Amino acid sequence: MIEGAKWRRWVYFYLPLGVFIFSLLFPFYWMLVTTFRPDAELYRPWMAPNYTPFWTAHPTLEHIKYLFDETLFATWMVNTLFIALASTVISLFCGLLAGYALSRLKFPFAGSLGTGIFVTYLVPQTLLFIPLADIIRNYHLGDTPWALILTYPTFLIPFCTWLLMGYFKAIPRELEECARIDGATRWKAMVYIIFPIAVPGILSAGIFAFTLSWNEFIYALVFLSSPEQKTVPVGVTSELIRGDVFFWGPLMAGALLGSIPVAIIYSFFVEHYVAGLTGSVKG
Amino acid sequence: MAISYAARERAYVAAPRRGPVTRLLEDERWLGALLLLPTAVLLALFIAYPFVKGVLLSVTDARVGVPGTFVGLQNFIALAHDGIFREAVWNTFIYTGVTTVFKLALGLWLALLLNRHFRGKALTRAFVLLPFIIPTVLSTFAWKWMFDPTFSVINWTLYRLDIIDSRINWLGDPQLAMISIIIVNVWRGVPFYAISLLAGLQTISPELQEAAAIDGARPWQRFWHVTWPLLLPVTMVVVLFSVIQTFADFQLVYVLTGGGPANATHLFATYAYQIGVGTGLLSEGAAISLAMFPALLVVVVVQLLYIRRVEIH
């Protein structure tokens, strides 16, 4: 190596990268420490002497116990899991069919329908939540998981369709034509030849859709009202704050445990997740 | 002879009998329509219908439980004279503009760092994306705890480092609260920019860099004249996506400040929630939400035009 290159590498590479990683991950470390810190240590003013906030000498499980004994946290987890899985399955089903149709079939208005779906992809939930709440009430879906299972696909389907279209376009037409010459119908060629090849795309879209539904907040906040129907983000927000009092220990424990399912799925499928993320951007 | 006869026989039996439905599905137009049906139904019911309903709602004086009567543009006129609404509009533009600049600059920097070769690269990349995948509400609570006026770890650190000698009231002061929500948004958004731009960087052939280096281009020139122009298409899409998300943001502000102190940090969405759901003035809430639409429309049209231009090239 060239003389002086070593310190250069430290200053221009390791130092900034280290600062980035530290700032990006510190809030999660802080969540972790707070979860296991007893209340007596938690509520010690910041100017108090001998204050060592970056770790704890007396780890405790009291906050996690509180979460499961005094709140419906376990129910919220089950609710969120069910809603996220159901809306992901619905979105993948619709997205697969629509993605196939838009990328491989020729029919009138295919182009404008594709644009239409892309535009709904860009409609934020916050634009529609008030009239949608009214509609949910009229359909008698309010305060049931179905209010979310049916509305989450509105932002998941466009994403799944868009991502899967990219995968379908990359599959050579000859494959399908071979199957059709051998006597397969269009439907069979689609289900047995094309869909299996697109499995990596389906996995990416599915994981992305799952994390998006786990993350969703405003619909869940507005459409659900009884504590036993809530999802994790809404439950933690509304049930662990009484007036102005924040139960920081259980709150951080809830945030930590509520993040774990997403983190686990993410850690198993990082590559698929990144492919989904970048695929959606490249269009 | 006998074998080939049997084989032919079997082939004949196995050939599917095609009913009218199958024949209809052989027609691309019918198959296309059928495949798009579930998507079309869901999007019509829960996007198109609520949008129309929102427009209709915004020209009435409906409240929760009261259908309301037609009042024309009165809600929008009232909003134009509403000081809090005007501040929310101003805040939304500041919030979107400032965070986008920082997210792009820091995200690009991080992407360039991650594009180098070093040990533990895959693991680093996986960890970097965590702020983006962990549910926003939950990670925002961690920030709220870090910004706590009495127990803030940030204040503690700054105090021990002798940078401050009295507490910083992060979320209690109007201007600091705005800065705080900008910090958290940038924190959450940088990984998305970094990973997307990294994917863009990886499609750029290193030979181009080498060629420029041989021609005597300095690192900064190589970035500005080679990397940046090639990265621009990905950057455009990432920025437009992020601008839409940030413009319509809700959860971050709802958790950190709830629009306070004294309505200083309201965005379109949080103010619409406060009016439409908090006080039950459905029509005014719907009008506030809809007021986002023109700005979003501009962004979407720019994006569509840009994609079309790229596709033609």
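Residues numbered from 1 in each chain as written. Chains lettered and ligands numbered in written order. Predicted model: local features only at pLDDT ≥ 70, side-chain atom pairs only at ≥ 80, totals over all residues.

Asker: Explain the overall build of chain B here, please?
Answerer: Within chain B, the secondary structure is distributed over 16 helices and zero strands. Compactness check: chain B gives a C-alpha radius of gyration of 27 Å against a globular reference of 20 Å for 313 residues, more than 25% above the reference. For chain B, the spread of C-alpha atoms along the principal axes amounts to about 100 × 70 × 40 Å. Sorting the 313 residues of chain B into buried and exposed places 39% on the buried side. Restricting the contact set of chain B to residue pairs at least 6 apart, pairs at least 24 apart contribute 67%. (Helix = DSSP H or I, 4+ residues; strand = E, 2+ residues; numbered from the N terminus. Rg over C-alpha atoms; globule rule 2.2 N^0.38 Å. Buried ≥ 20, exposed ≤ 12 C-beta atoms within 10 Å, placed from the backbone. Contact = placed C-beta atoms within 7 Å.)

Asker: Just checking my understanding: could you explain unusual backbone geometry for this structure?
Answerer: The bulk of non-glycine residues show a negative phi, and the bulk of peptide bonds are trans. Omega for the bond connecting Gly260 of chain B with Pro261 of chain B falls within 30 degrees of zero, at -10 degrees, which places this linkage in the cis form. Inspection of the secondary structure puts Pro261 of chain B in the loop between helix H13 (251-256) and helix H14 (268-278). Despite not being glycine, Asp143 of chain A has its phi angle at roughly 65 degrees, a positive value. With respect to the secondary-structure elements, Asp143 of chain A resides in the loop between helix H6 (125-138) and helix H7 (145-151). Asp143 of chain A gets classed as partly exposed once you count the C-beta atoms within 10 Å, which come to 16.

Asker: Would you mind showing me how to read the interface of chain A and chain B here?
Answerer: Taken residue by residue, the interface counts 81 residues in chain A and 79 residues in chain B. By residue number, the principal contributor to the side of chain A that touches chain B is helix H1 (residues 5-35) of chain A, which donates 13 residues. Considered class by class, the residues forming the side of chain A that touches chain B number 60 nonpolar, 17 polar and four charged. (Nonpolar A, V, L, I, M, F, W, Y, C, P; charged D, E, K, R; others polar.)

Asker: Could you clarify how one ought to interpret the confidence of the model for chain B in this entry?
Answerer: Low-pLDDT stretches of the model should not have their predicted coordinates read in fine detail. Residue and element names in this part refer to chain B. Of the residues in chain B, 93% have a pLDDT of 70 or more, and the chain-wide mean is 88. By mean pLDDT, the top-scoring element of chain B is helix H5 (residues 83-114) (96), and the lowest-scoring one is helix H1 (residues 2-14) (47). Below pLDDT 50 for its whole length, residues 5-15 participates in one contact with residues either more than four positions away or in separate chains. Here the complex is predicted with pTM 0.90, and the ipTM for its interfaces comes to 0.90. (pLDDT = per-residue confidence, 0-100.)

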